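# Fold and geometry: a report
Spelled out from the first residue to the last, the chains are:
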Amino acid sequence: MITVHLRYEIDPEKLDDFTEYGRAWIHLVNKLGGTHHGYFMPSEGDSDEAFALFTFPSLADYEVYRAASMTDPGCQEAFELARRTRCIRRYERRFLSPVFA
């Protein structure tokens, strides 16, 4: 199992656009074989930082998802939303191995 942790630097003036982007990706990751654990938006503290977590059964399954996202119409719409609104300034991706009880 592999969990992807995304740290986003977002434009705090475009929080609604980023929220729309996040909601789209929750559905898309789940549709394409992953389990999305949600987006975590600014509340207290930094107003320009958000996080997302999602899990795939293996790194190979994640790679299948990545390839599929390049042609999936819904994924392309989400990518375009981020490009058009510039709600994301930058992001970092980490791969983690989860430990459950």
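Just above sits the structure.
Treat the numbers as computed from the prediction; the structure is a model and nothing was measured.

As a further point, take the nonpolar core. Core analysis: the biggest nonpolar cluster contains 23 residues, and Tyr-8, Phe-18, Tyr-21, Trp-25 and Phe-54 have the highest contact counts within it. Ignoring any residue separated from it by four or fewer positions in sequence, one finds Phe-54 in contact with Ile-2, Thr-3, Val-4, Leu-6, Val-29, Thr-35, His-36, His-37, Tyr-62 and Tyr-65.

Right, let's get into the state of the cysteines. All told, the structure shown has 0 disulfides when counted by the stated rule. Residue Cys-75 stays outside any disulfide, its sulfur separated by 15 Å from that of Cys-87, the closest cysteine. Accessibility expressed as a relative area gives 0% for Cys-75, which makes it buried.

Along its 13 residues, helix H3 (residues 73–85) runs 18 Å from first to last C-alpha, staying within 8% of the 18 Å computed at 1.5 Å per residue. Cys-75, Ala-78, Leu-81, Ala-82 and Thr-85 are the residues of H3 that are buried. For H3, the angular spread of buried residues about the axis comes to 115°, placing them on one side. Structural note: H3 exposes Pro-73, Glu-77, Arg-83 and Arg-84 on the side pointing more than 90 degrees away from its buried face. The residue sitting at the N-terminus of H3 and contributing the capping side-chain oxygen is Asp-72; that oxygen lies 2.9 Å from the backbone nitrogen of Gly-74. Count one or two residues on from H3 and you reach Arg-86, which has phi positive near 55°.

Calculation notes
- Residues numbered from 1 in each chain as written.
- Predicted model: local features only at pLDDT ≥ 70, side-chain atom pairs only at ≥ 80, totals over all residues.
- Heavy atoms only, no water.
- Core = buried A, V, L, I, M, F, W, Y, C linked by side-chain atoms within 4.5 Å.
- Buried < 20%, exposed > 50% of the residue type's maximum accessible area, 1.4 Å probe, protein only.
- Contact = heavy atoms within 4.5 Å.
- Disulfide = S-S within 2.5 Å.
- Helix = DSSP H or I, 4+ residues; strand = E, 2+ residues; numbered from the N terminus.
- Expected span 1.5 Å × (residues − 1).
- Arc of directions from axis to C-beta.
- Polar contact = N/O pair within 3.5 Å; in protein donor to acceptor, adjacent residues only side chain to side chain.

Structural measurements only, silent on function.
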